[in-house]
Amino acid sequence: MTIRFIASSRLPMPWATFTMHGFEDDETGKDHVVLTLGDVADGDPVLARVHSECLTGDALFSMRCDCGYQLQVALKRIAEEGRGALLYLRQEGRGIGLMNKIRAYHLQDGGADTVEANEALGFEADMRRYDICIPMLEKLGISRLRLMTNNPRKVLSLQQAGIEISERVPLTTGLNAHNEQYLSTKVGKLGHMMALDEFEAASDVDRERT
Ligand SMILES: Nc1nc2c(ncn2[C@@H]2O[C@H](COP(=O)(O)OP(=O)(O)OP(=O)(O)O)[C@@H](O)[C@H]2O)c(=O)[nH]1
Ligand SMILES: [Zn+2]
């Protein structure tokens, strides 16, 4: 593992002023960011989101997925508790990269689901790895997580990497007319632990996208 800490700074956000910590992975050339709020090094479980980059959803307001909504709700929840961490991993498109995600979206426009599209391009459904979290969490003194996710593979991969997950906190938000099928595929093919009728509507999020 070749992840190096670079620097920390303040990051004022609409909900709280977080601290941003930058890390660089010499092996992949990717840089990752962790946002923390409050004292996360006191040994108590930390409310946390391990979020993989989604340029389209996180920054460009895409309604094809739930990523941007989850990002915002996770940050709001951490701000409400006054303590927590968000790991923003540069694993765009479940690890296939932005250009391949656009290729996958093109196939999805023609009727494929997210898994079929990845496979048609020669990729596995999910290429992400989570062991990269360990050096970042260690550096920040975080040992146990209350993890906001619906993804069982994420919980398992983090546990296998040696991270203690004291609780899984559901994060069901952002359902809209454009991503219903995408979310159904998560449940049906990727085993996500959620039911679409339990979702908070997208309009519950500040950045309303209906
Ligand atoms: N390849 C591919 N990647 C996608 C697609 N839609 C979103 N992504 C990427 O999927 C990642 C988010 O993964 P999700 O499975 O939505 O969510 P998760 O983080 O694994 O699970 P949760 O913690 O429950 O949200 C981001 O890297 C997105 O860029 C898609 O259609 N194809
Ligand atoms: Zn997304």
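Parameters at a glance
Residues numbered from 1 in each chain as written. Chains lettered and ligands numbered in written order. Predicted model: local features only at pLDDT ≥ 70, side-chain atom pairs only at ≥ 80, totals over all residues. Heavy atoms only, no water. Helix = DSSP H or I, 4+ residues; strand = E, 2+ residues; numbered from the N terminus. Expected span 1.5 Å × (residues − 1). Buried < 20%, exposed > 50% of the residue type's maximum accessible area, 1.4 Å probe, protein only. Arc of directions from axis to C-beta. Contact = heavy atoms within 4.5 Å. Salt bridge = Lys/Arg side-chain N within 4 Å of Asp/Glu carboxyl O. UniProt positions renumbered as here; feature names shortened; annotations may be inferred. Near = heavy atom within 4 Å. Polar contact = N/O pair within 3.5 Å; in protein donor to acceptor, adjacent residues only side chain to side chain. Areas by Shrake-Rupley, 256 points an atom, 1.4 Å probe, with all protein chains shown as cover. Nonpolar A, V, L, I, M, F, W, Y, C, P; charged D, E, K, R; others polar.

## Some thoughts on helix 3 (residues 98-109)
So, step 1. Across its twelve residues, helix 3 extends 16 Å between first and last C-alpha, which sits within 8% of the 16 Å expected from 1.5 Å per residue.
So, step 2. Along helix 3, the residues classified as buried are Asn-100, Lys-101, Ala-104, Tyr-105 and Gln-108. Looking down the long axis of helix 3, one finds its buried residues gathered within 150° of arc, a one-sided arrangement. Away from the buried face of helix 3 by more than 90 degrees, exposed residues Met-99, His-106 and Asp-109 are located.
So, step 3. Buried residues belonging to helix 3 abut helix 1 (55-59) and helix 4 (114-120).
So, step 4. Gly-111 occupies a position one or two residues after helix 3 and carries a positive phi of about 120°.

## A few points about the pattern of salt bridges
So, step 1. Using the criterion set out here, one finds 14 salt bridges in the structure.
So, step 2. Among the ionic pairs, Lys-189 bridges to Glu-116, the shortest N-O distance being 3.5 Å. With a gap of 73 residues between them, Lys-189 in helix 7 (residues 180-190) and Glu-116 in helix 4 connect regions that are remote in the sequence.
So, step 3. Between Asp-131 and Arg-129 there is a salt bridge, with its nearest N and O atoms 2.9 Å apart.
So, step 4. Residue Asp-131 is classed as partly exposed on the basis of its relative accessible area of 25%.
So, step 5. Judged by relative accessible area, which is 37%, Arg-129 ranks as partly exposed.
So, step 6. A single network of salt bridges, built from pairs that share partners, joins Arg-4, Glu-24 and Asp-26.

## Some remarks on the UniProt feature "binding site: Zn(2+)" (unreviewed entry) in the chain
So, step 1. The UniProt record annotates "binding site: Zn(2+)" (unreviewed entry) at Cys-54, Cys-65 and Cys-67.
So, step 2. Its location among the elements puts Cys-65 in the loop between helix 1 and helix 2 (67-81).
So, step 3. Accessibility expressed as a relative area gives 1% for Cys-65, which makes it buried.
So, step 4. Excluding residues that lie within four positions of it along the chain, Cys-65 makes contacts with Cys-54, Gly-57, Tyr-105, Asn-179 and Tyr-182.
So, step 5. Within the fold, Cys-67 resides in helix 2.
So, step 6. In this structure Cys-67 comes out as buried when scored by relative accessible area, which is 13%.

## Details of the site of ligand 1
So, step 1. Near ligand 1 you find 25 residues, and of these Arg-49, Thr-149, Asn-151, Lys-154 and Lys-186 are the closest.
So, step 2. Asn-150 places a polar main-chain atom, nitrogen or oxygen, 2.8 Å from an oxygen atom of ligand 1.
So, step 3. Computed on the free molecule, ligand 1 has an accessible area of 640 Å², of which 99% lies beneath the protein chains in the complex.
So, step 4. Those elements giving two or more residues to the shell around ligand 1 turn out to be strand 4 (46-52), helix 2, helix 3, helix 4 and helix 7.
So, step 5. Among the elements that make up the shell around ligand 1, the one with the highest residue count is helix 3 (three residues).
So, step 6. The class makeup of the residues in the shell around ligand 1 is five nonpolar, eleven polar and nine charged.

## Structural notes on the environment of Thr-28
So, step 1. Looking at the element boundaries, Thr-28 is found in the loop between strand 2 (17-25) and strand 3 (31-37).
So, step 2. Taking relative accessible area as the criterion, Thr-28 reaches 47% and is therefore assigned partly exposed.
So, step 3. Thr-28 sits 26 residues away from Thr-2 along the chain, and the two C-alpha atoms are 8.9 Å apart.
So, step 4. A polar side-chain atom of Thr-28 sits 3.3 Å from a polar atom in the side chain of Asp-25.
So, step 5. A distance of 3.2 Å separates a polar side-chain atom of Thr-28 from the backbone nitrogen of Lys-30.

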